[in-house]
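# Fold and contact review
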Amino acid sequence: IRTKPGSDSMGFGTDSLSIDRRREMLHIFEAGYYLLTGQPVPIKFVATLHTDSDYETIEVERGRTPGTTNGLCCITTETKMEMPINAERSISKVLGTMGHEAGHGRHRLLTVPESYAGISQTIREAVGITFGTAMVRTIGEYTGIEHINMETEYPTATVFESFWKRWGSNLDNSKKPHDRARVLLWISILKDPSLVHLKYEIESAGYLSAQSLLLLTDHFGNMTAEQSNDYINKYLTPENMAAIKDFAKIKMSSRTTTNLSDSLIDSNWEAWRVP
C-alpha cells in the first residue's frame, strides 16, 4: 500500500505513509469480484486494509499470534462482516489474500450458520483457495497481466516436490486444513466423476479458467456438513494422492515464464499451485 513498506513496523507510525494505495486496491477487488460472480460485493461484507502494526493489533485481539496470518474472515456484527487484511505486502499478495478471505465470506453468506459450523475445515479452505485464485485469474484474463506462470529462480519440479512432501505429511492432520485442501483440489478434479469436465479442461489447457474455478468453488460450497466430511473421507486418501502426483507435477511445473514484467502471482504462490 506504499512505496517503502516497513516504516510503520519500525515504529514511525502510519503518518509515514509515502503513497497510500488502499483505495485503488479496494476498487480492483470490487471489480474483480463483480467480473467473476456477476454480482457486486455484498453490502454486509466489508474489506479493510491495514498497516503492519494495526493488523497485528487485530491479530492479538482475535487470539492469533502476530505475524502468522495475512487476512481474517470475519469479524461479524449484526450489520457487517469485516475482512481485515494486512496490506503491507506486494499487490499480488494483498489481492490473493483479499480473494481468499472473500471466498470464506461468500461461503458464510450462502450457508445456513448452523450448517457452516459443522462443515469440514478442509472443505472451507478449498472454497477460499479456489475463489481467491478465481479472482486473480479473472483480473488477469481481463487485463492481460500474467496470472498463470511463475517466474522463479528455482527449478519448478523441485519446488513442486517440496510442496508435495509438505502436503503429504499433513494429509491426515486436521489442524493443517490449507495443505489438505490444496491436495483435495487436484484429487477432486481427477477422481470425482461429477467434475470430469474440469479434468478434460486441465488436460487440454494446463489450468482451469476463472469461471471453472468458480464452479469448483460452488461444488465445495454447496456441501452440507455431513456431505463435506463424507467427501473428505472418500477422496482425501494417500492412495489418491499417490495416483495423481505425476499429473499434478507435470501441470504445475510447466507453468513457468522468463518474463520479468508485472505479474499477479509474483509473490502469490497459491494461485500457481491451484489446478
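Residues numbered from 1 in each chain as written. Predicted model: local features only at pLDDT ≥ 70, side-chain atom pairs only at ≥ 80, totals over all residues. Heavy atoms only, no water.

Our focus in this paragraph is the overall build of the chain. Secondary structure assignment for the chain yields 13 helices and three strands. Its C-alpha atoms give the chain a radius of gyration of 18 Å, within 12% of the compact-globule value 19 Å for 275 residues. Overall, the C-alpha framework of the chain stretches about 55 × 50 × 35 Å when taken along its three principal axes. Counted over contacts in the chain with a minimum sequence separation of 6, partners at least 24 positions apart contribute 72%. With the model as given, the accessible surface of the chain reaches about 13200 Å², and the carbon-plus-sulfur share is 51%. (Helix = DSSP H or I, 4+ residues; strand = E, 2+ residues; numbered from the N terminus. Rg over C-alpha atoms; globule rule 2.2 N^0.38 Å. Contact = heavy atoms within 4.5 Å. Areas by Shrake-Rupley, 256 points an atom, 1.4 Å probe, with all protein chains shown as cover.)

Structurally, T122 is set in helix 6 (residues 121-143). The residues touching T122, leaving out its near neighbours within four places in the chain, are P177, R180, A181, L184, I232 and L236.

Moving on, we come to the environment of F29. Assignment of secondary structure puts F29 in helix 2 (residues 22-37). In this structure F29 comes out as buried when scored by relative accessible area, which is 2%. Distance in space between the C-alpha atoms of F29 and V94 is 9.8 Å, their sequence separation being 65 residues. Not counting chain neighbours up to four residues away, the residues in contact with F29 comprise V41, A47, M83, M98, A102 and M135. (Buried < 20%, exposed > 50% of the residue type's maximum accessible area, 1.4 Å probe, protein only.)

According to the stated counting rule, one finds one disulfide in the structure shown. Disulfide pairing is shown between C73 and C74; the S-S distance is 2.0 Å. Its S-S torsion of approximately -50° makes the covalent link between C73 and C74 left-handed. For the pair C73 and C74, a shared accessibility class is recorded, and that class is buried. (Disulfide = S-S within 2.5 Å.)

A separate point is helix 8 (residues 177-191). Counted at 1.5 Å a residue, the expected span for helix 8 with its 15 residues is 21 Å, and the 20 Å between its end C-alpha atoms agrees. With 13 of its 15 residues buried, helix 8 lies for the most part within the structure. (Expected span 1.5 Å × (residues − 1).)

Of the pockets and cavities examined, the largest pocket occupies roughly 900 Å³. For the lining of the largest pocket, the secondary-structure elements that each account for two or more residues are helix 4 (91-110), helix 6, helix 7 (156-169), helix 8 and helix 13 (269-273). For the lining of the largest pocket, the element with the highest residue contribution is helix 4, accounting for seven residues. For the lining of the largest pocket, a count of residues per class yields 10 nonpolar, 14 polar and 14 charged. (1 Å grid on protein atoms, 1.4 Å probe; cavity = no way out; pocket = protein on both sides within 12 Å on 5 of 7 lines; lining within 4 Å. Points joined across faces, edges and corners; volume = space filled by probe spheres on them. Nonpolar A, V, L, I, M, F, W, Y, C, P; charged D, E, K, R; others polar.)

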